[in-house]
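# Structure assessment
The chain contents come next:
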Amino acid sequence: MKKILVACGGGDCPGLNAVIRGISRAAKHYGDIEVWGSMEAFNGVLSEPADIVKLNKKRTAGIHVKGGTIIRTTNKGNPLAFPILQSDGTYATKDRSGELIKKIRKNGFDAVINIGGDGSQKISLELYKKGLNIIGVPKTIDNDLSATDRTFGFATAVQIATDCFDKLVTTAESHHRVIIMEVMGRDAGWIALHTAIAGGAEICLIPEIPYDIKKVVKKINKRYTKGRGFVNIVISEGAKAKNGTVTGTAGTDGDTHVKLGGVANVLRHQLETNGCKGQVRSTILGHIQRGGTPTAYDRILATAMGVKAIEMVVDQQFGKMVSFRNNKISSVSLKSAVSEYNFVDKKNYLVNVARKMGISFGD
Ligand code: F6P
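What you see as residue numbers is a count from 1 along each chain, following the sequence as written. In view of the model being predicted, local features appear only for residues whose pLDDT reaches at least 70, and side-chain atom pairs are presented and counted only at 80 or more, with totals across whole chains, interfaces and linings using the full set of residues. Hydrogens are left out, water is left out, and the side-chain values use all remaining heavy atoms of the structure.

Let us look at a positive patch on the surface. Any residue with relative accessible area above 30% and no salt bridge may belong to a patch, with like charges joined within 9 Å and the nonpolar Val, Leu, Ile, Met, Phe, Trp and Tyr side chains within 5 Å. Under the convention used here, a 1.4 Å probe and the Shrake-Rupley method define accessible areas, while residue burial counts only the protein chains that appear. In what follows, salt bridge is the name for a side-chain nitrogen of Lys or Arg lying within 4 Å of a carboxyl oxygen of Asp or Glu. Only four residue types enter the tally: Lys and Arg on the positive side, Asp and Glu on the negative side, with His and both chain ends excluded. Positions of charges follow a simple convention, taking NZ of Lys, CZ of Arg, CG of Asp or CD of Glu. A contiguous patch of positive charge, built from Lys 215, Lys 218, Lys 222, Lys 226, Lys 242 and Lys 346, is present on the exposed surface. Only DSSP runs of H or I reaching four residues or more are called helices, and only runs of E reaching two or more are called strands; each is numbered from the N terminus. Turning to its location among the elements, Lys 346 is positioned in the loop between helix H11 (334-337) and helix H12 (349-356). Type-normalised accessible area, obtained with a 1.4 Å probe on protein chains alone, sets the label of each residue: buried when under 20%, exposed when over 50%, and partly exposed for intermediate values. For Lys 346, a relative accessible area of 52% corresponds to the exposed category.

The next subject is the site of the ligand. Only a single heavy atom is needed: when it lies within 4 Å of a molecule or strand, its residue is near that molecule or strand. As a matter of local geometry, the ligand sits amid Asn 75, Ile 141, Asp 142, Met 184, Gly 185, Arg 186, Glu 237, Lys 259, His 287 and Arg 290. As used in this structure description, the phrase polar contact means that two N or O atoms lie within 3.5 Å; if the pair is within protein, one of them must be able to donate a hydrogen and the other to accept it, and residues adjacent in sequence are counted only when both atoms belong to side chains. Residue Glu 237 places a side-chain N or O atom 2.6 Å away from an oxygen atom belonging to the ligand. Within the complex, 83% of the 400 Å² of free accessible area of the ligand lies under protein. Under this grouping Gly is polar, as are all residues other than the nonpolar Ala, Val, Leu, Ile, Met, Phe, Trp, Tyr, Cys and Pro and the charged Asp, Glu, Lys and Arg. Of the residues belonging to the shell around the ligand, the class tally is 2 nonpolar, 3 polar and 5 charged.

Glancing now at the nonpolar core. In this text, buried Ala, Val, Leu, Ile, Met, Phe, Trp, Tyr and Cys residues form a nonpolar core when linked through side-chain atoms within 4.5 Å. In this structure, Ile 4, Ile 23, Ile 71, Ile 113, Ile 115, Val 137 and Phe 152 are the most contacted members of the largest nonpolar core, which totals 69 residues. No fewer than three residues from each of domain 1 (3-152 + 294-337) and domain 2 (157-291) sit in this core. With 20 residues, the next largest nonpolar core counts Ile 220, Ala 241, Cys 276 and Val 280 among its residues. For every domain, the bounds stem from an assignment made automatically or drawn from a database.

Accessible area lost upon the coming together of the parts serves often as the stated size of an interface. The domain boundaries assigned to the protein delineate domain 1 (3-152 + 294-337) and domain 2 (157-291). Residue contacts are defined here by distance: any two heavy atoms, one from each residue, within 4.5 Å place the two residues in contact. The interface of domain 1 with domain 2 comprises 14 residues on the first partner and 14 residues on the second. At the boundary of domain 1 with domain 2, total buried surface from both sides reaches about 1,200 Å², with 58% on carbon and sulfur atoms. Summed over both partners, the accessible surface that disappears when two parts come together, traced with a 1.4 Å probe, is what is meant by buried area. The largest per-residue losses of area from domain 1 upon contact with domain 2 belong to Lys 76, Ile 141 and Asp 142, which jointly make up 40% of the total buried on that side. Linking domain 1 with domain 2 are 1 salt bridge, by the criterion used here. Among the ionic pairs, Arg 290 bridges to Asp 12, the shortest N-O distance being 2.9 Å. Here domain 1 is connected to domain 2 by 2 residue pairs in polar contact (both at pLDDT 80 or more).

As for its position among the elements, His 194 is in helix H7 (residues 190-199). Given the relative accessible area of 16%, His 194 is considered buried.

Looking along a regular strand, one sees side chains alternate from face to face of the sheet. At least two bridges found by DSSP between two strands is the condition for calling them paired. As judged from the 6 bridges shared by strand S14 (residues 320-325) and strand S15 (residues 328-333), these two strands associate in the antiparallel manner. Within S15, the residue paired with Met 321 across the bridge is Val 332. Between the end of S14 and the start of S15, which pair antiparallel, lie 2 residues, with Asn 326 showing a positive phi angle near 50°.

On to the sheet that holds strand S1 (residues 3-8), then. An order of S3-S2-S1-S6-S7-S14-S15 is seen for the 7 strands of this open sheet, with the pairing classed as mixed. Two strands in the sheet have a free side with no partner beyond their single neighbour: strand S3 (52-54) and S15. Looking at each pair of strands side by side, their axes are set apart by 30° on average, direction ignored. For helices, the fitted line uses only the C-alpha atoms of the stretch in contact; every axis is such a line through C-alpha atoms, and the angle between N-to-C directions lies from 0 to 180 degrees. Where helix H10 (residues 296-314) meets the sheet, it contacts S1, strand S6 (111-116), strand S7 (134-138), S14 and S15, and its direction lies at approximately 140° from that of S14.

Considered as a void within the structure, the second largest pocket measures approximately 200 Å³ in volume. Within this scheme a cavity is a closed region of a 1 Å grid, computed over the protein atoms alone, that accommodates a 1.4 Å probe without allowing it to escape, whereas a pocket is open but has protein on both sides within 12 Å along at least five of seven lines; lining residues each have an atom within 4 Å of a point. In terms of lining, the second largest pocket is formed by 15 residues, of which the most central are Asn 143, Asp 149, Trp 190, Asn 342 and Asn 348. Listing elements by their share of the lining of the second largest pocket, those giving two or more residues are H7 and H12. Of the residues contributing to the lining of the second largest pocket, the split by class is 5 nonpolar, 6 polar and 4 charged. Grid points are joined across faces, edges and corners, and a volume is the space filled by probe spheres set on the points.

Spelled out as structure tokens, the structure:
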């Protein structure tokens, strides 16, 4: 292995730079492996001239403490369904995977490390099937990949959400209010569940447990008739009422992803029209959860994953993804990595902990 390419796909995530630095540094242990980065996922390789940068020691020094990614990222770079703007303003898609693989080879790359979530690893798998020497590194604040116990970025997102929650508690308490805080997580309630326990919420609403608004109101009103007279709720962006639908909008500008967000306002309206005794306010944290400095835990996990990625490249373990299982860094096949989504199981120990701590899921 002489020359490898690194790409980041999907949303940014605290720890991406720590992975890049880990790859760049660990490559030096194996002699003269050159590490390059493709700007904005694979778009850098696809563009003419190629937009690729050498990830040498100078460029990667000290970047592990920074959020985001120095090689940028995009949701609009799927080489298998590349968005092409049409004259009427709509987008059609084109399979550019063959062209991508040719360009990767033409630029002399022996292997590729693709850092990304579920969508990016599905792309890795397809490129592997087409003959590319590729390995994946899992990334997502949502912690929704089943083949790894943890993804870097998740701990940082939970810490940010918990810090915000703590600030909202003081206002809820001072004003006797019901404050709803919406967190990210897509179809998995991990960020909400962890934040609710860390912060000490009264109610936690997650996609895996559709809520009964009457039960939510009952729990709130009980706190107003006897008890402390304020309530803090954490709701995951993908949560919905029983028989309800998820709150989201279609992606724009060639991004096929449905944009989740706004369920906190939907819940506020539901509470206000279902007899809730408290004055209700809602806060949507949004991208603040993905920004800034990664926690020490995420820096360590991300660095370890970067080092493992290089080891896998050297050992030619292509078609696999780095994984963190049972406190060990290991690897799994890309096929199994993308086959199952990591939902919060109702029997998960943290669901039990939350219930025993008096947190209602509205069920
Ligand atoms: O997957 C990470 C994530 O932050 C989700 O929690 C959220 O739904 C989504 O990305 C937001 O994506 P975008 O940055 O494209 O709005």
